[in-house]
Amino acid sequence: MRAIEIVRPGGPEVLEWREVPDPRPEQGQVVIDVAAAGVNRADVLQRKGFYDPPPGTPPYPGLEVSGVVAEVGAGVPGFAPGDEVCALLAGGGYAERVAVPWEQVMPVPEGVPLVDAAALPEVACTVWSNVFMLARLRKGETLLVHGGASGIGTFAVQLAKALGSRVVATAGGEAKLRRLRELGADETINYREQDFSDLVRADVILDIIGGSYLAGNLKALNTGGRLTIIALQGGAKAEIDLGVLMTKRASVHGTTLRARPVEEKGVIVRSVADNVWPLVGAGAVRPVVHARVPMSDAAEAHRLLDSGEHIGKILLVR
């Protein structure tokens, strides 16, 4: 088969479409003929040499795919060759085929084209596990989403709105803010011109910025608020005012998804299939796809992601 290999750490030009060995299904694994793969910030970090895949994972980037089951290993329940599926991966999605533990495989939600289903696993599992399983956002509460125009942001806005929360989202530029309002955001904030911490009080904050936003996030939390940090685009270090944290009886959580054990990912995947897929099937939440790029031209997809001009997901299509 062919896959995108990172020939050395660097810019998008280091991504090359090469012949590599075919995967074979081990005990408990499903091999998927890949129709499309989602492009994520973690792939960029891996390309630059900052985010190695977990041990035993293929070296190719790619944390989510959609496609058709080609083979199943021993001990795999519920899946058979020919099934249309999407899957959460620890890596290896930029390829014609990928082997993945069956626990991380889901059926394609009703009404979603097979290619577009590749836009769902990483964002759905990230948003559901952090905003709802961990932070326990409730109906009527306010969610603040940073990076609202990202794949995670566009999904979080829709899902929280569908489940009855008030949603505020930050983004840069009027086109992105307008699209977020179309997706259901009750309020949008241009972070380039406005200080979000003066404008909103939230019960849950989903943050991709990290260090540089910590003080503002604590200020923006309501009493009993929950801050979940899932990325560090604004740095990994910051001072925290424990007095503010204690006075507000707030909590701060930092999480990652990629390196979790298969068993933990399986719990999240099953919960997503049970609780989120029905909303996707009903049309209340939909994948937002900015561009579909040939997988062999992964470098161009990474250039687009690096530009920050996209709204929603970028997909690599076979």
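Worth saying up front: this structure is predicted, and the values here are computed from it rather than measured.

Draft legend 1. Expanded view of the overall build of the protein chain. Secondary structure assignment for the protein chain yields 10 helices and 15 strands. Here the C-alpha radius of gyration of the protein chain, 19 Å, is about what a compact globule of 318 residues would show, namely 20 Å. By its C-alpha atoms, the protein chain is 55 × 40 × 35 Å across when sized along the principal axes. By residue count, 56% of the 318 residues in the protein chain fall in the buried class. When the accessible surface of the protein chain is totalled, it reaches about 13,200 Å², and 51% of it is carbon and sulfur. Positive and negative side-chain charges of the protein chain, numbering 33 and 37 respectively, have mean locations separated by a distance of 5 Å.

Draft legend 2. Quick look at the packing of helix H2 (residues 121-134) against helix H8 (residues 262-275). For the pair H2 and H8, interaxial distance at closest approach is 9 Å and the crossing angle is 90°. With respect to each other, H2 and H8 are oriented roughly perpendicular. Packed against H2, whose contacting residues are Ala124, Cys125, Trp128, Ser129 and Met133, the element H8 presents Val267, Ile268, Val269, Ser271, Val272 and Asn275 at the interface. Tallied by class, the residues present in the contact of H2 with H8 amount to eight nonpolar, three polar and no charged.

Draft legend 3. Highlighting the packing of aromatic side chains. Taken as a whole and judged by the stated rule, the model has two aromatic pairs. Here Trp128 and Phe132 contribute two aromatic rings whose centre-to-centre distance is 5.0 Å and whose plane-to-plane angle is 20°, an arrangement assigned as stacked. With Trp128 and Phe132 both in helix H2 and four residues apart, the pair spans about one turn of that helix. Classification of Phe132 as buried rests on a relative accessible area of 10%. Arranged with centres 5.0 Å apart and planes meeting at 40°, the rings of Phe196 and Tyr213 form a pair that is tilted. Residue Phe196 is found in helix H5 (residues 196-199), and its partner Tyr213 is found in the loop between strand S11 (202-207) and helix H6 (214-220); the two are separated by 17 residues along the sequence. The lysine or arginine in question, Arg258, covers the ring of Tyr51, its NZ or CZ lying 4.7 Å from the ring centre.

Draft legend 4. Expanded view of the pattern of salt bridges. The full count for this structure, using the stated rule, is 18 salt bridges. Across the pair Glu174 and Arg181 runs a salt bridge, and its minimum N-O distance is 2.5 Å. Judged by relative accessible area, Arg181 falls into the partly exposed class, the value being 38%. Here the residues in one salt-bridge network are Arg24, Asp33, Glu71 and Arg97, joined through shared partners.

Draft legend 5. Inspection of the sheet that holds strand S8 (residues 142-145) at higher detail. Pairing in this open sheet of six strands is parallel, and the strands run S10-S9-S8-S11-S12-S13 from one edge to the other. With one partner strand each, in any of the chains shown, strand S10 (187-190) and strand S13 (251-254) form the two edges of the open sheet. Recorded for the sheet is a direction-independent mean angle of 15° between the axes of neighbouring strands. In this structure, strand S9 (residues 166-171) lies alongside S10, joined through four bridges in parallel fashion. When the sheet's bridge partners are listed, Ala171 is paired in S10 with Asn190. Contacting S8, S11, strand S12 (221-229) and S13, H2 crosses the sheet at an angle of about 155° to S11.

Draft legend 6. Representation of the nonpolar core within the structure. In terms of nonpolar packing, the biggest core is built from 65 residues, with Phe155, Leu159, Val272 and Trp277 touching the most fellow members. Setting aside residues up to four positions removed in sequence, Phe155 forms contacts with Leu120, Val123, Ala124, Val127, Val276 and Val285.

Draft legend 7. Here's a closer look at the pairing of strand S15 (residues 313-317). Where burial is concerned, most of S15 is hidden: four out of the five residues are buried. The pairing of strand S3 (residues 29-39) with S15 spans four bridges and is antiparallel. Residue Ala36 lies in a different strand from S15, and its bridge partner there is Val317. As paired strands, strand S14 (residues 289-294) and S15 are joined by five bridges and run parallel to one another. Looking across to S15, one finds that Val293 is bridged to Leu316. Taken together, S14, helix H10 (residues 298-307) and S15 constitute a β-α-β crossover, and its handedness is right-handed.

Draft legend 8. Expanded view of the pairing of S9. The buried count for S9 comes to five of six residues, which makes it a mostly enclosed element. Bridge count between S8 and S9: four bridges; the pairing is parallel. In the strand pairing of S9, Thr142 is matched with Arg166. This β-α-β element, S8 to helix H3 (residues 151-162) to S9, shows right-handed connectivity.

Reading the values: rules and limits
Residues numbered from 1 in each chain as written. Predicted model: local features only at pLDDT ≥ 70, side-chain atom pairs only at ≥ 80, totals over all residues. Heavy atoms only, no water. Helix = DSSP H or I, 4+ residues; strand = E, 2+ residues; numbered from the N terminus. Rg over C-alpha atoms; globule rule 2.2 N^0.38 Å. Buried < 20%, exposed > 50% of the residue type's maximum accessible area, 1.4 Å probe, protein only. Areas by Shrake-Rupley, 256 points an atom, 1.4 Å probe, with all protein chains shown as cover. Lys, Arg positive; Asp, Glu negative; His and termini not counted. Charge placed at Lys NZ, Arg CZ, Asp CG, Glu CD. Axes fitted to C-alpha atoms, helices over the stretch in contact; angles between N-to-C directions. Parallel < 35°, antiparallel > 145°, perpendicular 65-115°, else oblique. Contact = heavy atoms within 4.5 Å. Nonpolar A, V, L, I, M, F, W, Y, C, P; charged D, E, K, R; others polar. Phe/Tyr/Trp six-rings, centres within 6.5 Å; stacked < 30°, edge-to-face > 60°. Lys NZ or Arg CZ within 6 Å of the ring centre and 35° of its normal. Salt bridge = Lys/Arg side-chain N within 4 Å of Asp/Glu carboxyl O. Pairing = 2+ DSSP bridges. Core = buried A, V, L, I, M, F, W, Y, C linked by side-chain atoms within 4.5 Å. Right-handed = clockwise from strand over helix to strand, strands pointing away.

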